[in-house]
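# Chains, contacts and geometry: an overview
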Amino acid sequence: MGTGTEIGRVRGLGSAKEGAHHWWIQRLTAGSNLLLMLWFLFSLLRLPHYDHATIMAWLSEPLAAIPMILLVLSVFWHFRLGLQVVIEDYQHGESRVVMLVLLNFYTIAMAAFAIFAILKIAFTGGAV
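Residues numbered from 1 in each chain as written. Predicted model: local features only at pLDDT ≥ 70, side-chain atom pairs only at ≥ 80, totals over all residues. Heavy atoms only, no water.

### What to know about the overall build of the protein
Summing up its helical and strand segments, the protein has five helices and zero strands in all. In the protein, the order of α-helices and β-strands from amino to carboxyl end is α-α-α-α-α. Out of the 128 residues in the protein, the part that is buried amounts to 24%. Residue pairs at least 24 apart in sequence account for 64% of intrachain contacts in the protein once pairs closer than 6 positions are excluded. Roughly 9300 Å² of accessible area belongs to the protein as shown, and the carbon and sulfur atoms make up 72% of that amount. (Helix = DSSP H or I, 4+ residues; strand = E, 2+ residues; numbered from the N terminus. Buried < 20%, exposed > 50% of the residue type's maximum accessible area, 1.4 Å probe, protein only. Contact = heavy atoms within 4.5 Å. Areas by Shrake-Rupley, 256 points an atom, 1.4 Å probe, with all protein chains shown as cover.)

Right, here's the structure in full:
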């Protein structure tokens, strides 16, 4: 197996021509996950109580709902990027394509459910 062209090795691009971009996006989402999780933990620690009403009131504020949505987006994007690499490394043939499509559907669906729940709380204040 060859190592690619000399210019390809210098640029850090594999045969798909997107290796460096994928690597950077994965690092950026990891950094945003760290910052947003720290925000989340410190925000929870500052709450006076941890009952349902307090959490719902906190999440209904824009300064809590918006970073929470960003956290969900960042976590699921990072999740997808990481599992994409695992699938690409260990699945071969048609099952690889099927697994990547299922991964994309699952990630989008779960992120949409989480964002919907946050928006429902933010706009209704948790009212049923």
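### Digging into the environment of Ala 114
Along the chain, Ala 114 falls in helix α5 (residues 94–124). We classify Ala 114 as partly exposed; its relative accessible area is 22%. Residues Ala 114 and Met 68, spaced 46 residues apart in sequence, show a C-alpha to C-alpha distance of 9.6 Å.

### Examining the packing of aromatic side chains
Tallying each qualifying case throughout the model produces six aromatic pairs. The interplanar angle of 25° and the centroid separation of 5.9 Å between the aromatic rings of Trp 39 and Trp 58 together place this pair among those described as stacked. In this pair, Trp 39 sits in helix α2 (residues 19–45) while Trp 58 sits in helix α3 (residues 52–59), placing the two residues 19 residues apart along the sequence. A ring pair is formed by Phe 79 and Tyr 106, whose centres lie 6.2 Å apart and whose planes are at 55°; its orientation type is tilted. One end of the pair, Phe 79, is in helix α4 (residues 62–90); the other, Tyr 106, is in helix α5, and 27 residues separate them in sequence. Phe 79 gets classed as partly exposed once you look at its relative accessible area, which sits at 32%. By relative accessible area, Tyr 106 is classed as partly exposed at 45%. A network of ring pairs unites the aromatic residues Trp 39, Phe 40 and Trp 58 as a single cluster. (Phe/Tyr/Trp six-rings, centres within 6.5 Å; stacked < 30°, edge-to-face > 60°.)

### A look at the nonpolar core
By size, the foremost hydrophobic cluster in this structure holds 16 residues, and its most contacted members are Trp 58, Leu 59, Met 68, Val 72 and Ile 118. When residues of this core are traced back to their parent elements, those giving at least two are α2, α3, α4 and α5. The biggest single contributor to this core is α4, with six residues. Once residues lying within four places of it in the same chain are set aside, the contact partners of Leu 59 are Ala 64, Ala 65, Met 68, Ile 121 and Ala 122. (Core = buried A, V, L, I, M, F, W, Y, C linked by side-chain atoms within 4.5 Å.)

### Side note on the packing of α2 against α4
For any two helices packed against each other, the geometry is given by the interaxial angle and the distance between the axes. Two numbers describe how α2 lies on α4: the axes approach to 9 Å, and their chain directions differ by 145°. Pair α2 / α4 crosses with left-handed handedness. By residue class, the composition of the contact of α2 with α4 is 16 nonpolar, nine polar and no charged. (Axes fitted to C-alpha atoms, helices over the stretch in contact; angles between N-to-C directions. Left-handed = near helix turned anticlockwise from the far one by under 90°. Nonpolar A, V, L, I, M, F, W, Y, C, P; charged D, E, K, R; others polar.)

### Description of the UniProt feature "transmembrane region" (unreviewed entry) in the protein
Under the present numbering, the feature "transmembrane region" (unreviewed entry) in UniProt falls on residues 24–45, 57–77 and 97–119. The straight-line gap between the two end C-alpha atoms of residues 57–77 is 27 Å; of that span, 90% is helix and 0% is strand. (UniProt positions renumbered as here; feature names shortened; annotations may be inferred.)

### Regarding α2
Relative to the 39 Å expected for 27 residues at 1.5 Å per residue, α2 spans 39 Å between its end C-alpha atoms, a close match to the ideal helical length. Regarding α2, the residues found buried are His 22, Ile 25, Gln 26, Thr 29, Asn 33, Leu 36, Ser 43 and Leu 44. Tucked into the core, α2 has its buried residues touching α3 and α4. (Expected span 1.5 Å × (residues − 1).)

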